Amino acid sequence: MKQKIAHIALVVEDYDEAIEFYTKKLNFKLVEDTRLTDEKRWVVVSPPGANECSLLLAKAANERQSKSIGDQSGGRVFLFLFTDDFWRDYNAMTNKKVTFVRKPIVEEYGTVAVFEDLYGNLWDLLEPSATNKGLLKEII
């Protein structure tokens, strides 16, 4: 048996502003944008080179969902963007005014910094170290 996580739903305030952030600031590709109803769209974005998991941008449909925008993980790092070149991506994101809330640091497992998306969700930008023997090395 083989399974995989295909999408992670990220609750957003507005489809178009979320698409703009992910495609222009993080260089994600817009995989799909299909209108389902007058209010609902199926919007999928993915980092360059990603083959497995992508983000499903889901517009908040009620007050409960709206309250979770920007705080889907209770203030913890929520998503992890792995890269094969930390400094390339860090510099590109910094030049595009992405807000980093924790400066780059070299850890045993790799080089990492924490940034916010347009709503305040926290992300790790991470390049696994060459010596990392754990699961991190499998993504690159």
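As recorded in an unreviewed UniProt entry, the protein goes by the name Catechol 2,3-dioxygenase-like lactoylglutathione lyase family enzyme, listed as coming from Saonia flava.

Caption draft 1: Quick look at the domain arrangement of the protein. One can read the domain layout of the protein as domain 1 (1–69) and domain 2 (71–139). Placing the centre of domain 1 and that of domain 2 at their C-alpha centroids yields a distance of 19 Å. Each partner contributes residues to the interface: domain 1 has 19 residues there, and domain 2 has 16 residues. Surface buried jointly by domain 1 and domain 2 totals about 1400 Å² across both partners, of which 67% is contributed by carbon and sulfur atoms. Summed over the three residues of domain 1 that lose the most area to domain 2, namely F21, K25 and L26, the buried surface amounts to 33% of that side.

Caption draft 2: Structural context of the packing of aromatic side chains. Counting across every chain of the model gives 10 aromatic pairs. When the ring of F86 is compared with that of W87, the centres are 4.9 Å apart and the planes differ by 85°; the resulting orientation is edge-to-face. Centre to centre, the rings of F115 and W123 are 5.5 Å apart; their planes meet at 20°, and the pair counts as stacked. Given the relative accessible area of 0%, F115 is considered buried. Within the aromatic cluster, the residues linked to one another by ring pairs are F21, Y22, F28, F86, W87, Y90, F100, F115 and W123.

Caption draft 3: View of the layout of surface pockets. Of the voids in this model, the largest pocket is the one considered here, and its volume is about 950 Å³. Lining the largest pocket are 32 residues, and of these P47, A50, F80, L81 and F82 sit closest to its centre. Element by element, the count of residues in the lining of the largest pocket is highest for strand β5 (residues 77–82), at 5 residues. Composition of the lining of the largest pocket by domain shows at least three residues from each of domain 1 (1–69) and domain 2 (71–139).

Caption draft 4: Quick look at the sheet that holds strand β6 (residues 100–107). Strands sit in the order β5-β8-β7-β6 across an open sheet of 4 strands; the sheet is mixed. The open sheet has two free edges, formed respectively by β5 and β6, since each of these has just one partner strand. Averaged over all pairs of adjacent strands, the angle between their axes in this sheet comes to 20°, without regard to strand direction.

Criteria and cut-off values
Residues numbered from 1 in each chain as written. Predicted model: local features only at pLDDT ≥ 70, side-chain atom pairs only at ≥ 80, totals over all residues. Heavy atoms only, no water. Domains from an automatic or database assignment. Contact = heavy atoms within 4.5 Å. Buried area = accessible area lost by both parts, 1.4 Å probe. Phe/Tyr/Trp six-rings, centres within 6.5 Å; stacked < 30°, edge-to-face > 60°. Buried < 20%, exposed > 50% of the residue type's maximum accessible area, 1.4 Å probe, protein only. 1 Å grid on protein atoms, 1.4 Å probe; cavity = no way out; pocket = protein on both sides within 12 Å on 5 of 7 lines; lining within 4 Å. Points joined across faces, edges and corners; volume = space filled by probe spheres on them. Helix = DSSP H or I, 4+ residues; strand = E, 2+ residues; numbered from the N terminus. Pairing = 2+ DSSP bridges. Axes fitted to C-alpha atoms, helices over the stretch in contact; angles between N-to-C directions.

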